[in-house]
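Architecture and fold: a report
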Amino acid sequence: PSITSLKKIAAEFGYSVVNLFPNGSENESNWGYQEGITTHPIKKTVYRNEVSVVRAGMRKRLALPGSNVVYDLLTPDMRRQLEVMYMQVKAGENSGNEPMLDSPGEKMCFVVKGKLELSVGKDVYQLEEGDTINYPAHVEHSWRALEGERIEVIWILTPPSF
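Everything in this summary refers to the structure shown in the same document. The shown structure was predicted, so the numbers you read here are calculated from the model rather than taken from an experiment. (Residues numbered from 1 in each chain as written. Predicted model: local features only at pLDDT ≥ 70, side-chain atom pairs only at ≥ 80, totals over all residues. Heavy atoms only, no water.)

1. Considering the nonpolar core
Counting 25 residues, the largest nonpolar core has Y71, M87, C109, L116, L118, W143 and W155 as its most contacted members. For this core, the secondary-structure elements that each account for two or more residues are β2 (70–73), β3 (83–89), β4 (106–120), β6 (132–136) and β7 (141–158). What L118 contacts, discounting residues up to four positions off in sequence, is D123, V124, Y125, L127, I133, Y135, S142, W143 and W155. (Core = buried A, V, L, I, M, F, W, Y, C linked by side-chain atoms within 4.5 Å. Buried < 20%, exposed > 50% of the residue type's maximum accessible area, 1.4 Å probe, protein only. Helix = DSSP H or I, 4+ residues; strand = E, 2+ residues; numbered from the N terminus. Contact = heavy atoms within 4.5 Å.)

Shown next, in the form of structure tokens:
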């Protein structure tokens, strides 16, 4: 299934997509979604007071079966006010046949390497290396990797909703 379909299935049960895939022998409870994600929007803003380092080799990784899309969580978990994901794809990969629709919030996309096409609502944007785009997460959106042997993208979402 596409990312969009997986997000719909997970949301129906109040979970994140990451809960649908085990990470080796561990479950994904350490991502921070044990209570589900259906409580958005956050009523009281609580910020973390501790410092957290996520080592490159210790990132939580999600690779969807049958897909070449790989996501690394750059934030320690999903219990924060934002989520930062690092995505690596090859040209031709996309988010699926159906557009994504997330909980109310904001998304930002930063193209580190390669070229990406992003559709938000009825508008289509071509993003190149170094470009960013911000948009409301609750508007239908999708992406398609256009050019580059390896396209690298950083996604920032608030509140966390992957």
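Following the structure, the description resumes.
2. Some remarks on the pairing of strand β5 (residues 123–128)
Pairing between β4 and β5: six bridges, direction antiparallel. Within β5, the position partnered with S119 by the bridge is V124. (Pairing = 2+ DSSP bridges.)

3. A few points about the pairing of β2
Side chains V70 and D72 project from β2 onto one buried face, and the interleaved Y71 and L73 project onto a second face that is buried too. One ladder, built from four bridges, connects strand β1 (residues 60–63) with β2; its direction is antiparallel. Bridged to A63 within β2 is V70. Hairpin geometry of β1 and β2 is characterised by an intervening segment of six residues between the two adjacent antiparallel strands and by a positive phi of about 75 degrees at G66. Bridge analysis of β2 against β3 gives four bridges, and the strand direction is antiparallel.

4. Description of the packing of aromatic side chains
Evaluated as defined, the whole model comprises zero aromatic pairs. Its end group placed over the ring of W155, K107 keeps NZ or CZ at 6.0 Å from the ring centre. (Phe/Tyr/Trp six-rings, centres within 6.5 Å; stacked < 30°, edge-to-face > 60°. Lys NZ or Arg CZ within 6 Å of the ring centre and 35° of its normal.)

5. Regarding the environment of M108
Relative to the assigned elements, M108 resides in strand β4. On the accessibility criterion, M108 (22% relative accessible area) is partly exposed. As for M108 and I156, which are separated by 48 residues in sequence, their C-alpha atoms are 5.0 Å apart. Beyond its immediate stretch of four places on either side in the chain, M108 contacts T132, I133, N134, I154, W155 and I156.

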